[in-house]
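Listed below are the residues making up each chain.
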Amino acid sequence: MDYYSLEGRYAWADLDYTSGATGHDNDVSNRMYEIRGLIGKEFHPVPQVVVTPYGGYGFRYLLDEGGNRVTSTGHFGYDRKSHYHYVPLGFFYTYQPNKDWRIVGNAEFDYFVFGVQKSYLGTDAPVPGYFDISNDQKHGFGVRASVKFVKILPVITLGIEPFVRYWHIDDSEIVDGGWVEPENK
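Residues numbered from 1 in each chain as written. Predicted model: local features only at pLDDT ≥ 70, side-chain atom pairs only at ≥ 80, totals over all residues. Heavy atoms only, no water.

Peer 1: Quick question: what am I supposed to make of the packing of aromatic side chains here?
Peer 2: What characterises a pair of aromatic rings is the spacing of the ring centres plus the angle enclosed by the ring planes. By the definition in use, this model includes 13 aromatic pairs. With 5.4 Å between their ring centres and 35 degrees between their planes, Tyr10 and Trp12 make a pair best called tilted. For Tyr10, a relative accessible area of 48% translates into the label partly exposed. Here Trp12 falls in the exposed class, since its relative accessible area comes to 60%. On the numbers, 5.1 Å between centres and 75 degrees between planes, the contact of Tyr86 with Trp167 is edge-to-face. Highlighted residues: Tyr86 in strand E5 (residues 79-98) and Trp167 in strand E10 (residues 163-169), separated in sequence by 81 residues. The class of Trp167 is buried, set by a relative accessible area of 11%. An aromatic cluster of three or more residues is present, and its members are Tyr84, Tyr86, Phe112 and Trp167. Its guanidinium or amino end placed over the ring of Phe163, Arg165 lies 4.6 Å from that ring's centre, counting from NZ or CZ. (Phe/Tyr/Trp six-rings, centres within 6.5 Å; stacked < 30°, edge-to-face > 60°. Buried < 20%, exposed > 50% of the residue type's maximum accessible area, 1.4 Å probe, protein only. Helix = DSSP H or I, 4+ residues; strand = E, 2+ residues; numbered from the N terminus. Lys NZ or Arg CZ within 6 Å of the ring centre and 35° of its normal.)

Right, dumping it as structure tokens:
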């Protein structure tokens, strides 16, 4: 059987920012959305197991709203927008020992195609001579892993899924006289 999936995700939170160079700032508003399409193929090596390798394309957007804020060392904050384009490659491993339970494992590597980091230094930081910059990001990767435990009941299905999602993006290229978006995780 073929596997097709269109996924969307939206998250928002107040996060704490820490930098060795510019201090820290607490409760900085962040918003993130992601959309991705996946295609794969199911294989049934034994009756109780389904293995589904997949690939696809994903886009991730992050807004870090640090504008009009001041860090613990007196540095002015600014808004940053990140755009990541990536290729997810992974597989699901489904084990159904009986009709009432299912366990689904997932492992994925996200191949980073490219990204753009826009920093609104001139718009948000009240410092003369600062201007908005855009950095191209060319190197990085992401990984995901999860295990879902599913209980199938007569009327509903219940599940719990601990997971991990991780991104590692290298330094951007240097632009406009020395500006670089530093490596981030």
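Peer 1: Please explain the environment of His44 as it appears in this structure.
Peer 2: With respect to the secondary-structure elements, His44 resides in strand E3 (residues 43-46). Along the primary structure His44 and Met1 are separated by 43 residues, whereas in three dimensions their C-alpha atoms are 9.6 Å apart.

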